[in-house]
Amino acid sequence: MSGDCLQFENPIGDGVSRIRFAPSSNNLLISSWDSNLRLYDVDSSRVRLEASVGFALLDCCFGAESLAYSAASDGCIRRCDLHSGSCDAIGHHEDVATCVVYSDETGQVISTGLDKKMVSWDTRSSKSSHVRHMGAEVKAMSLSGRYISVAIGGSIETYDLRYMEGPACLTNSCFDVRIRSLCSVPYCKGYAAGSVDGTVALEISNPTTSEVTRYAFRCHPKSADGKKHLAAITDVQFNPSIFGAFVTGDNRGNLLAWDAQSKRRLFEFPQYPTGVASLAYNCNGQLLAVASSHTYQEAIETEVVSPQIFVCKVGDP
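Residues numbered from 1 in each chain as written. Predicted model: local features only at pLDDT ≥ 70, side-chain atom pairs only at ≥ 80, totals over all residues. Heavy atoms only, no water.

**Some points on the side chain of Ser184**
Thinking step 1. If you trace the backbone, Ser184 turns up in strand S18 (residues 179–184).
Thinking step 2. Not counting residues within four places of it along the chain, the set of residues in contact with Ser184 comprises Ser142, Leu143, Ser144, Ser149, Gly190, Tyr191 and Phe238. (Helix = DSSP H or I, 4+ residues; strand = E, 2+ residues; numbered from the N terminus. Contact = heavy atoms within 4.5 Å.)

**Focus on the pattern of salt bridges**
Thinking step 1. Using the criterion set out here, one finds 13 salt bridges in the structure.
Thinking step 2. Between Asp34 and Arg38 there is a salt bridge whose closest N-O contact spans 3.0 Å.
Thinking step 3. Glu50 is paired through a salt bridge with Arg38; the nearest N and O atoms lie 3.8 Å apart. Here the residue Glu50 occupies a position in strand S5 (residues 46–52), and Arg38 occupies one in strand S4 (residues 36–41), the gap between them amounting to 12 residues.
Thinking step 4. When salt bridges with common partners are traced through the structure, they connect Asp34, Arg38 and Glu50 into a single cluster. (Salt bridge = Lys/Arg side-chain N within 4 Å of Asp/Glu carboxyl O.)

**Description of the sheet that holds strand S17 (residues 170–173)**
Thinking step 1. Here we have four strands laid out as an open sheet, ordered S14-S15-S16-S17, and antiparallel in their pairing. Every interior strand has two partners, whereas the edge strands, strand S14 (140–144) and S17, have only one. Neighbour to neighbour, the strand axes of the sheet diverge by 15° on average, direction disregarded.
Thinking step 2. Here S14 runs beside strand S15 (residues 147–152); their pairing, made up of five bridges, is antiparallel. Across the sheet, Met141 pairs through a bridge with Val150, a residue of S15. (Pairing = 2+ DSSP bridges. Axes fitted to C-alpha atoms, helices over the stretch in contact; angles between N-to-C directions.)

**Quick look at the packing of aromatic side chains**
Thinking step 1. Scanning all chains against the criterion turns up eight aromatic pairs.
Thinking step 2. An angle of 45° between the planes, with centres 5.5 Å apart, marks the rings of Phe238 and Phe246 as tilted. The residues Phe238 and Phe246 share a single accessibility class, namely buried.
Thinking step 3. Seen from their ring centres, Tyr272 and Phe310 are 5.2 Å apart, and the 55° between their planes marks the pair as tilted. Of this pair, Tyr272 sits in the loop between strand S27 (264–268) and strand S28 (276–281) while Phe310 is found in strand S30 (residues 308–313), placing the two residues 38 residues apart along the sequence.
Thinking step 4. Given a relative accessible area of 3%, Tyr272 falls into the buried group. (Phe/Tyr/Trp six-rings, centres within 6.5 Å; stacked < 30°, edge-to-face > 60°. Buried < 20%, exposed > 50% of the residue type's maximum accessible area, 1.4 Å probe, protein only.)

**Digging into the side chain of Ser17**
Thinking step 1. Relative to the elements of secondary structure, Ser17 occurs in strand S2 (residues 16–21).
Thinking step 2. Of note is the side chain of Ser17, whose polar atom sits 2.7 Å from the side chain of Ser31.
Thinking step 3. A polar contact of 2.8 Å, which involves the side chain of Ser17, links it to the backbone oxygen of Leu57.
Thinking step 4. The residues touching Ser17, leaving out its near neighbours within four places in the chain, are Ser31, Ser32, Trp33, Leu57, Leu58, Asp59, Ala277 and Ser278. (Polar contact = N/O pair within 3.5 Å; in protein donor to acceptor, adjacent residues only side chain to side chain.)

Structure (structure tokens):
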């Protein structure tokens, strides 16, 4: 179940940094290091938009079906009209912008950068409405409702977007090593975090019983030449329609599906050509998009195969 490979008239020229499905359609947003933001219509198998900003894109998100935001190496947070392709800057970090999310619940755009700041932007005035000095670089960020979680080193801090000037409402130390990926549970409180040494930490609250499931496990140990090789967990994504179901991808191209409640692996996908750079479920959880690309996890990585994006139907054998 590796999925169908999407075809591009103009191939993606450098590593894929993020893929995201639209809020209510099967349009897939793609940001990459070749400076292009692409919108791919999965239903009709065609590129609807390709917009270049001139700088490497490290992240992207939807603000609405026809609106997107991106984070770039020049520090800019840009807004893109997905109908016209026009882009404008809504804010600027003092160093590389690394992560960007949009909260439909509060109407805020939140970004982080190598300047060690988390900023909430006023999209009407192109000014920051709140700046929080994090004290360290944020390596991953995820949003669910009005709560935003950020990974700093081996810890996760969670904030209420309504009270950004206050302290973190929850801080968990998950790992002794750096967190590489983070995903909030879309339908209740909780998250899954993946580390650079192949460990996943999970915390998920059952909305009906208020019980909290919390544990960690070694995810992708691989044996090669009689040695154990641990791969960094480059992305984690929850299925929005199946409670406790999630997938993990690593920088060696391995993709696995898990059941958080039973604490077991459901199945393993065929290995992808290069690292799993990003994952995305569509709005009803019936499609899973997989970006197979250079992940910039290791200095010795080389792009042997051009970046590819696959779309799988969930439940197919």
